[in-house]
Amino acid sequence: MTRSAPDPRRPFGRLVTAMVTPFHPDGSLDLDGAARLATYLVDEQDNDGLVVNGTTGESATTTDAEKDALLRAVLEAVGDRAQIIAGVGTNDTRHTVELARAAEKAGAHAALVVTPYYNKPPQSGLIYHFTTVADQCGLPIMVYDIPGRTGVPIETETMVRLAEHERIVAVKDAKGDIVQTAWVTRRTDLAVYSGDDKLTLPLLAVGAVGVVGVPTHLFGRRTKEMITAYEAGEVARALELHHELLPVFEGFFRTQGVILTKAALMLQDLPAGPVRPPLCEVGPAEIARLREDCAAAGLTLGDAVRAAAIEAHALTTHNLGVDQ
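Cut-offs and rules
- Here the residue index of a chain counts from 1 through its sequence in written order.
- A pLDDT threshold of at least 70 governs which residues receive local features in this predicted model, and a stricter bar of 80 or more applies before side-chain atom pairs are shown or counted, although totals over entire chains, interfaces and linings include all residues.
- The basis for every side-chain value is the complete set of non-hydrogen atoms in the structure, without hydrogens or water.
- As a rule, the C-alpha atoms of each element are fitted with a line to give its axis, helices using only the stretch in contact, and angles between N-to-C directions run from 0 to 180 degrees.
- In this text, helices come from DSSP runs of H or I with a minimum length of four residues, and strands from runs of E with a minimum of two, each type numbered from the N-terminal end.
- Angle categories are assigned with fixed cut-offs, so that under 35 degrees is roughly parallel, over 145 is roughly antiparallel, 65 to 115 is roughly perpendicular, and the rest are oblique.
- Helix crossings fall into two classes, left-handed where the near helix is turned counterclockwise from the far one by less than a right angle and right-handed where it is turned clockwise.
- Whether two residues touch is decided by their heavy atoms; if any such pair falls within 4.5 Å, the residues are in contact.
- Pairs were defined over the aromatic rings of Phe, Tyr and Trp, the Trp ring being its six-membered one, requiring ring centres within 6.5 Å. Orientation was assigned from the angle between planes: stacked under 30 degrees, edge-to-face over 60, tilted for the rest.
- Buried means the residue's accessible area, taken with a 1.4 Å probe over protein chains only, is under 20% of the maximum for its type, while exposed means over 50%, and partly exposed covers the values in between.
- Only strands joined by at least two bridges in the DSSP assignment are considered to pair.
- Here a crossover is taken to be right-handed if, once the strands point away from the viewer, the path from the first strand over the helix to the second is traced clockwise.
- Note on terminology: pairs of cysteine sulfur atoms within 2.5 Å are recorded as disulfides.
- By this rule, a helix spans an expected 1.5 Å times one less than how many residues it contains.
- UniProt positions are given in the numbering used here, feature names are shortened, and annotations may be inferred rather than shown by experiment.
- Throughout this description, the term nonpolar core refers to a set of buried Ala, Val, Leu, Ile, Met, Phe, Trp, Tyr and Cys residues connected via side-chain atoms within 4.5 Å.

1. Describing the packing of helix H10 (residues 235-251) against helix H12 (residues 284-296)
- Running from N to C, H10 and H12 cross one another at 155°; their axes reach a closest spacing of 7 Å. As judged from the angle between their axes, H10 and H12 are roughly antiparallel. Two packed elements cross with a definite hand, and for H10 against H12 that hand is left-handed. On H12, the residues that touch Glu244, Pro247, Val248 and Gly251 of H10 are Asp293, Cys294 and Ala296.

Here it is, written out as C-alpha coordinates:
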(Lines give C-alpha, C1' and ligand atoms only; values in the text may rest on other atoms or scores of the structure.)
Protein backbone atom coordinates (compact mmCIF):
# COMPACT_ATOMS: atom_id res chain seq x y z
CA MET A 1 0.00 0.00 0.00
CA THR A 2 1.33 3.43 -0.93
CA ARG A 3 0.34 6.82 0.38
CA SER A 4 -2.41 8.35 -1.72
CA ALA A 5 -2.45 11.98 -2.80
CA PRO A 6 -3.93 14.19 -0.07
CA ASP A 7 -7.54 15.34 -0.43
CA PRO A 8 -7.56 19.15 -0.02
CA ARG A 9 -10.74 18.88 2.05
CA ARG A 10 -8.99 16.53 4.51
CA PRO A 11 -5.26 16.76 3.79
CA PHE A 12 -4.39 14.23 6.50
CA GLY A 13 -7.26 11.81 5.97
CA ARG A 14 -9.95 11.05 8.54
CA LEU A 15 -7.99 9.30 11.27
CA VAL A 16 -4.72 10.55 12.76
CA THR A 17 -3.21 9.31 16.01
CA ALA A 18 -1.05 11.48 18.25
CA MET A 19 1.54 8.76 18.77
CA VAL A 20 3.25 8.10 22.10
CA THR A 21 7.03 7.93 22.10
CA PRO A 22 8.23 4.48 23.17
CA PHE A 23 11.08 4.40 25.67
CA HIS A 24 13.24 1.57 26.95
CA PRO A 25 12.85 0.66 30.66
CA ASP A 26 15.77 2.99 31.47
CA GLY A 27 13.94 5.90 29.81
CA SER A 28 16.05 6.03 26.64
CA LEU A 29 14.46 6.34 23.22
CA ASP A 30 13.23 3.07 21.71
CA LEU A 31 13.47 3.59 17.95
CA ASP A 32 12.71 -0.02 17.05
CA GLY A 33 9.64 0.15 19.26
CA ALA A 34 8.57 3.39 17.60
CA ALA A 35 8.80 1.78 14.16
CA ARG A 36 6.80 -1.23 15.35
CA LEU A 37 4.15 0.93 16.99
CA ALA A 38 3.82 3.15 13.92
CA THR A 39 3.42 0.07 11.73
CA TYR A 40 0.72 -1.27 14.06
CA LEU A 41 -1.15 2.04 14.03
CA VAL A 42 -1.16 2.27 10.25
CA ASP A 43 -1.63 -1.38 9.31
CA GLU A 44 -3.82 -2.63 12.17
CA GLN A 45 -5.66 0.49 13.33
CA ASP A 46 -6.12 1.97 9.84
CA ASN A 47 -4.61 5.37 10.58
CA ASP A 48 -4.29 7.76 7.66
CA GLY A 49 -1.64 9.73 9.50
CA LEU A 50 0.42 9.99 12.67
CA VAL A 51 1.55 12.95 14.74
CA VAL A 52 5.12 12.33 15.91
CA ASN A 53 6.71 14.47 18.65
CA GLY A 54 3.41 15.95 19.78
CA THR A 55 2.54 16.51 23.43
CA THR A 56 1.27 12.91 23.66
CA GLY A 57 4.73 12.00 22.40
CA GLU A 58 6.21 13.75 25.47
CA SER A 59 7.84 16.41 23.33
CA ALA A 60 8.49 18.55 26.39
CA THR A 61 11.05 16.01 27.65
CA THR A 62 12.72 14.85 24.44
CA THR A 63 15.76 16.57 22.96
CA ASP A 64 15.88 18.01 19.45
CA ALA A 65 18.19 15.16 18.44
CA GLU A 66 15.75 12.59 19.82
CA LYS A 67 12.89 14.27 17.96
CA ASP A 68 14.81 14.05 14.71
CA ALA A 69 15.74 10.40 15.23
CA LEU A 70 12.18 9.46 16.14
CA LEU A 71 10.71 11.25 13.14
CA ARG A 72 13.13 9.56 10.77
CA ALA A 73 12.40 6.12 12.26
CA VAL A 74 8.66 6.56 11.80
CA LEU A 75 9.06 7.93 8.29
CA GLU A 76 11.17 4.94 7.33
CA ALA A 77 8.61 2.55 8.80
CA VAL A 78 5.34 3.97 7.41
CA GLY A 79 6.07 7.21 5.56
CA ASP A 80 5.21 5.60 2.23
CA ARG A 81 1.63 4.85 3.31
CA ALA A 82 0.65 7.46 5.91
CA GLN A 83 0.85 11.20 6.43
CA ILE A 84 3.54 11.88 9.02
CA ILE A 85 2.98 15.15 10.85
CA ALA A 86 5.87 16.40 12.95
CA GLY A 87 5.09 18.18 16.17
CA VAL A 88 7.35 21.24 16.15
CA GLY A 89 5.56 23.62 18.50
CA THR A 90 7.29 25.46 21.33
CA ASN A 91 6.73 28.80 23.05
CA ASP A 92 9.74 30.26 21.21
CA THR A 93 9.10 31.26 17.58
CA ARG A 94 12.76 30.94 16.62
CA HIS A 95 13.06 27.44 18.08
CA THR A 96 9.79 26.40 16.43
CA VAL A 97 11.14 27.51 13.06
CA GLU A 98 14.31 25.50 13.66
CA LEU A 99 12.30 22.38 14.48
CA ALA A 100 10.04 22.89 11.46
CA ARG A 101 13.03 23.19 9.14
CA ALA A 102 14.60 20.08 10.67
CA ALA A 103 11.33 18.17 10.21
CA GLU A 104 11.14 19.27 6.59
CA LYS A 105 14.74 18.15 6.03
CA ALA A 106 13.93 14.76 7.58
CA GLY A 107 11.07 14.30 5.14
CA ALA A 108 7.99 15.02 7.26
CA HIS A 109 4.81 15.58 5.28
CA ALA A 110 3.46 18.37 7.53
CA ALA A 111 4.01 20.15 10.83
CA LEU A 112 1.78 20.52 13.89
CA VAL A 113 2.32 23.89 15.58
CA VAL A 114 0.75 24.43 18.98
CA THR A 115 -0.18 27.82 20.38
CA PRO A 116 2.84 29.13 22.33
CA TYR A 117 2.27 28.11 25.93
CA TYR A 118 2.86 29.89 29.23
CA ASN A 119 3.94 33.26 27.83
CA LYS A 120 0.33 34.01 26.72
CA PRO A 121 0.94 36.15 23.61
CA PRO A 122 -1.79 38.46 22.29
CA GLN A 123 -3.64 37.49 19.11
CA SER A 124 -1.28 39.60 17.02
CA GLY A 125 1.60 37.59 18.47
CA LEU A 126 -0.15 34.36 17.52
CA ILE A 127 -0.55 35.55 13.94
CA TYR A 128 3.14 36.45 13.83
CA HIS A 129 4.17 33.11 15.33
CA PHE A 130 2.15 30.84 13.03
CA THR A 131 2.77 32.80 9.84
CA THR A 132 6.49 33.07 10.54
CA VAL A 133 6.75 29.30 10.87
CA ALA A 134 4.71 28.86 7.68
CA ASP A 135 6.84 31.42 5.83
CA GLN A 136 10.14 29.84 6.83
CA CYS A 137 9.47 26.20 6.02
CA GLY A 138 7.79 24.53 3.08
CA LEU A 139 5.55 22.16 5.03
CA PRO A 140 1.76 22.33 5.29
CA ILE A 141 0.87 23.52 8.77
CA MET A 142 -1.76 22.22 11.18
CA VAL A 143 -2.39 24.78 13.91
CA TYR A 144 -3.10 23.30 17.34
CA ASP A 145 -5.63 25.22 19.44
CA ILE A 146 -5.73 23.92 23.02
CA PRO A 147 -6.24 26.83 25.45
CA GLY A 148 -6.57 24.50 28.44
CA ARG A 149 -2.86 23.72 28.05
CA THR A 150 -1.54 26.96 26.57
CA GLY A 151 -3.60 29.57 28.41
CA VAL A 152 -4.58 31.38 25.18
CA PRO A 153 -7.35 30.47 22.71
CA ILE A 154 -6.94 31.23 19.04
CA GLU A 155 -9.85 33.55 18.37
CA THR A 156 -12.03 33.05 15.30
CA GLU A 157 -10.86 36.28 13.68
CA THR A 158 -7.29 35.08 14.14
CA MET A 159 -8.16 31.77 12.49
CA VAL A 160 -9.63 33.66 9.56
CA ARG A 161 -6.38 35.59 9.19
CA LEU A 162 -4.27 32.45 9.46
CA ALA A 163 -6.37 30.67 6.84
CA GLU A 164 -5.23 33.25 4.29
CA HIS A 165 -1.74 31.70 4.35
CA GLU A 166 -1.35 29.08 1.64
CA ARG A 167 0.54 26.66 3.87
CA ILE A 168 -1.75 26.88 6.93
CA VAL A 169 -4.24 24.22 5.92
CA ALA A 170 -5.71 22.66 9.06
CA VAL A 171 -6.44 23.06 12.75
CA LYS A 172 -6.40 20.52 15.55
CA ASP A 173 -9.32 21.83 17.56
CA ALA A 174 -9.21 21.12 21.30
CA LYS A 175 -10.89 24.38 22.28
CA GLY A 176 -14.14 22.77 23.38
CA ASP A 177 -16.26 25.57 21.88
CA ILE A 178 -18.39 24.04 19.14
CA VAL A 179 -20.02 27.34 18.19
CA GLN A 180 -16.65 28.94 17.46
CA THR A 181 -15.62 25.86 15.51
CA ALA A 182 -18.76 26.27 13.42
CA TRP A 183 -17.77 29.85 12.65
CA VAL A 184 -14.31 28.66 11.58
CA THR A 185 -15.77 26.09 9.19
CA ARG A 186 -18.24 28.68 7.88
CA ARG A 187 -15.66 31.39 7.31
CA THR A 188 -12.54 29.48 6.24
CA ASP A 189 -11.42 26.48 4.20
CA LEU A 190 -9.31 25.12 7.04
CA ALA A 191 -9.63 21.37 7.56
CA VAL A 192 -10.79 21.00 11.16
CA TYR A 193 -9.67 17.92 13.07
CA SER A 194 -11.09 17.20 16.49
CA GLY A 195 -8.41 17.34 19.15
CA ASP A 196 -10.76 15.94 21.80
CA ASP A 197 -11.90 12.38 21.07
CA LYS A 198 -15.21 12.69 22.89
CA LEU A 199 -16.16 15.71 20.77
CA THR A 200 -15.33 14.19 17.39
CA LEU A 201 -18.90 13.31 16.47
CA PRO A 202 -20.35 16.70 17.54
CA LEU A 203 -17.58 18.50 15.64
CA LEU A 204 -18.31 16.49 12.49
CA ALA A 205 -21.80 17.96 12.64
CA VAL A 206 -20.41 21.49 12.31
CA GLY A 207 -17.89 20.74 9.58
CA ALA A 208 -14.90 18.89 11.03
CA VAL A 209 -13.32 16.26 8.78
CA GLY A 210 -11.61 13.90 11.21
CA VAL A 211 -9.75 13.46 14.49
CA VAL A 212 -6.25 13.60 15.90
CA GLY A 213 -6.86 11.06 18.60
CA VAL A 214 -5.27 9.30 21.55
CA PRO A 215 -7.53 6.31 22.38
CA THR A 216 -7.17 5.66 18.65
CA HIS A 217 -3.95 3.82 19.57
CA LEU A 218 -6.27 0.89 20.32
CA PHE A 219 -9.66 2.04 19.04
CA GLY A 220 -8.67 3.54 15.70
CA ARG A 221 -10.69 1.31 13.40
CA ARG A 222 -13.95 1.89 15.25
CA THR A 223 -13.30 5.61 15.52
CA LYS A 224 -12.74 5.74 11.77
CA GLU A 225 -15.90 3.70 11.23
CA MET A 226 -17.79 6.30 13.27
CA ILE A 227 -16.48 9.11 11.07
CA THR A 228 -17.20 7.33 7.78
CA ALA A 229 -20.67 6.29 9.00
CA TYR A 230 -21.53 9.91 9.79
CA GLU A 231 -20.25 11.08 6.43
CA ALA A 232 -22.32 8.40 4.68
CA GLY A 233 -25.47 9.69 6.36
CA GLU A 234 -25.64 6.76 8.77
CA VAL A 235 -26.05 9.04 11.76
CA ALA A 236 -27.67 6.42 14.01
CA ARG A 237 -24.73 4.06 13.44
CA ALA A 238 -22.24 6.87 14.10
CA LEU A 239 -24.01 7.68 17.37
CA GLU A 240 -24.03 4.00 18.33
CA LEU A 241 -20.26 3.85 17.85
CA HIS A 242 -19.79 7.11 19.75
CA HIS A 243 -21.72 5.66 22.68
CA GLU A 244 -19.70 2.42 22.54
CA LEU A 245 -16.42 4.33 22.60
CA LEU A 246 -17.40 6.99 25.15
CA PRO A 247 -15.89 5.07 28.11
CA VAL A 248 -12.43 5.25 26.52
CA PHE A 249 -12.91 8.70 25.03
CA GLU A 250 -13.14 9.86 28.65
CA GLY A 251 -11.26 7.08 30.42
CA PHE A 252 -7.91 7.59 28.70
CA PHE A 253 -7.85 11.11 30.15
CA ARG A 254 -8.61 10.37 33.79
CA THR A 255 -5.00 11.43 34.23
CA GLN A 256 -2.57 12.83 31.65
CA GLY A 257 -3.48 10.95 28.47
CA VAL A 258 -0.05 9.61 27.59
CA ILE A 259 0.27 7.85 30.97
CA LEU A 260 -2.81 5.69 30.56
CA THR A 261 -2.21 5.21 26.84
CA LYS A 262 1.20 3.75 27.54
CA ALA A 263 -0.25 1.52 30.26
CA ALA A 264 -2.91 0.26 27.84
CA LEU A 265 -0.33 -0.40 25.12
CA MET A 266 1.88 -2.36 27.49
CA LEU A 267 -1.09 -4.44 28.58
CA GLN A 268 -1.53 -5.29 24.90
CA ASP A 269 2.18 -6.15 24.58
CA LEU A 270 2.77 -3.18 22.27
CA PRO A 271 5.77 -0.80 22.43
CA ALA A 272 5.40 2.00 24.96
CA GLY A 273 7.64 1.85 28.00
CA PRO A 274 7.70 4.33 30.88
CA VAL A 275 6.90 8.02 30.85
CA ARG A 276 9.57 10.59 31.61
CA PRO A 277 9.45 12.81 34.71
CA PRO A 278 7.74 14.96 35.75
CA LEU A 279 5.06 12.55 34.48
CA CYS A 280 4.87 9.40 36.57
CA GLU A 281 3.21 6.01 36.44
CA VAL A 282 -0.28 5.55 37.85
CA GLY A 283 -1.09 3.04 40.57
CA PRO A 284 -2.96 -0.25 40.36
CA ALA A 285 -6.32 1.38 41.06
CA GLU A 286 -6.00 3.62 38.01
CA ILE A 287 -4.92 0.69 35.84
CA ALA A 288 -7.86 -1.35 37.09
CA ARG A 289 -10.17 1.51 36.13
CA LEU A 290 -8.50 1.71 32.71
CA ARG A 291 -9.18 -1.99 32.21
CA GLU A 292 -12.82 -1.41 33.14
CA ASP A 293 -13.13 1.50 30.70
CA CYS A 294 -11.66 -0.54 27.85
CA ALA A 295 -13.86 -3.53 28.69
CA ALA A 296 -16.90 -1.25 28.61
CA ALA A 297 -15.81 -0.24 25.09
CA GLY A 298 -15.42 -3.89 24.08
CA LEU A 299 -11.69 -4.51 24.53
CA THR A 300 -10.14 -6.76 27.18
CA LEU A 301 -6.67 -5.48 28.00
CA GLY A 302 -3.92 -8.06 28.30
CA ASP A 303 -3.79 -11.39 30.06
CA ALA A 304 -3.74 -11.83 33.81
CA VAL A 305 0.02 -12.52 34.06
CA ARG A 306 1.00 -9.46 32.03
CA ALA A 307 -1.53 -7.29 33.84
CA ALA A 308 -0.18 -8.34 37.25
CA ALA A 309 3.40 -7.54 36.20
CA ILE A 310 2.52 -4.11 34.85
CA GLU A 311 0.35 -3.27 37.84
CA ALA A 312 3.22 -4.26 40.17
CA HIS A 313 5.58 -2.00 38.18
CA ALA A 314 3.06 0.82 38.38
CA LEU A 315 2.71 0.39 42.15
CA THR A 316 6.49 0.57 42.63
CA THR A 317 6.99 3.66 40.48
CA HIS A 318 3.86 5.33 41.82
CA ASN A 319 5.02 4.93 45.40
CA LEU A 320 8.64 5.82 44.78
CA GLY A 321 7.93 8.66 42.38
CA VAL A 322 10.69 7.44 40.04
CA ASP A 323 11.01 5.33 36.90
CA GLN A 324 12.51 1.88 37.36
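2. Observations concerning the packing of aromatic side chains
- Counted under the stated rule, the structure contains two aromatic pairs.
- Ring centres of phenylalanine 12 and tyrosine 193 lie 6.1 Å apart, and the angle between their planes is 45°; on these two criteria the pair is classed as tilted. Note that phenylalanine 12 is positioned in the segment before strand S1 (15-18) and tyrosine 193 in strand S7 (residues 191-194), a separation of 181 residues in sequence. An identical accessibility class is assigned to phenylalanine 12 and tyrosine 193; each is buried.
- Here phenylalanine 219 and phenylalanine 252 contribute two aromatic rings whose centre-to-centre distance is 6.3 Å and whose plane-to-plane angle is 85°, an arrangement assigned as edge-to-face. Placement of the pair is phenylalanine 219 in helix H9 (residues 216-231) and phenylalanine 252 in the loop between H10 and helix H11 (257-267), with a sequence separation of 33 residues. Note on accessibility: phenylalanine 219 and phenylalanine 252 belong to one class, buried.

3. Quick word on the pairing of S7
- Judged by which residues are buried, S7 turns out to be covered on both faces: Ala191 and Tyr193 on one side and Val192 and Ser194 on the other are all buried.
- Of the pairings in the sheet, the one linking strand S6 (residues 168-173) to S7 comprises four bridges and is parallel in character. Each residue of the ladder has a partner; that of valine 171, found in S7, is valine 192.
- Of the crossover connections in this fold, the one passing from S6 over helix H7 (residues 178-187) to the parallel S7 is right-handed.
- The sheet contact formed by S7 and strand S8 (residues 210-213) spans two bridges and is parallel. For serine 194, the partnering residue across the bridge sits in S8 and is valine 211.

4. Observations concerning the sheet that holds strand S4 (residues 110-114)
- Ordered by their spatial adjacency, eight strands build a closed barrel running S1-S2-S3-S4-S5-S6-S7-S8, and the pairing between neighbours is parallel. Within this sheet the neighbouring strands show an average axis-to-axis angle of 25°, counted without direction.

5. Focus: the side chain of threonine 150
- Topologically, threonine 150 is positioned in helix H5 (residues 147-150).
- Assessed through its relative accessible area of 3%, threonine 150 is described here as buried.
- Ignoring any residue separated from it by four or fewer positions in sequence, one finds threonine 150 in contact with Val114, Thr115, Pro116, Tyr117, Tyr118 and Lys120.

6. Description of the state of the cysteines
- The tally for this structure, following the rule as stated, stands at zero disulfides.
- No disulfide involves cysteine 280; its sulfur sits 20 Å from the nearest other cysteine sulfur, which is in cysteine 294.
- Take cysteine 294: its relative accessible area is 0%, and that puts it in the buried class.

7. As for helix H2 (residues 64-78)
- Spanning 15 residues, H2 covers 21 Å between terminal C-alpha atoms, matching the ideal 21 Å at 1.5 Å per step.
- Within H2, the full set of buried residues consists of Glu66, Lys67, Leu70, Leu71, Ala73, Val74, Leu75, Ala77 and Val78.

8. Comments concerning the UniProt feature "site: Part of a proton relay during catalysis" (unreviewed entry) in the chain
- As annotated in UniProt, the feature "site: Part of a proton relay during catalysis" (unreviewed entry) corresponds to Thr55 and Tyr118 in the numbering used here.
- Discounting chain neighbours no more than four positions away, the residues touching threonine 55 are Tyr144 and Arg149.
- On the secondary structure map, tyrosine 118 appears in the loop between S4 and helix H4 (123-136).
- The contacts of tyrosine 118, once residues within four sequence positions are left out, are Asn91 and Thr150.

9. A short note on unusual backbone geometry
- Here the amide bond leading from proline 277 into proline 278 is cis, since omega sits at 15°, within 30 degrees of zero.
- Within the secondary structure, proline 278 is located in the loop between H11 and H12.
- Within the chain, glutamate 58 stands out as a residue other than glycine whose phi angle is a positive 60°.
- Within the secondary structure, glutamate 58 is located in the loop between strand S2 (49-52) and H2.
- Looking at glutamate 58, the relative accessible area reads 3%, which means it is buried.

10. Some thoughts on the nonpolar core
- Within the largest apolar cluster, 82 residues are counted, with the highest numbers of intra-cluster contacts made by Leu50, Leu71, Val74, Ile84, Ile141, Leu218 and Phe219.
- Looking at this core, the element that brings in the most residues is H11, giving seven residues.
- Counting 18 residues, the second-largest nonpolar core is a separate cluster that includes Ala110, Met142, Ala170 and Tyr193.

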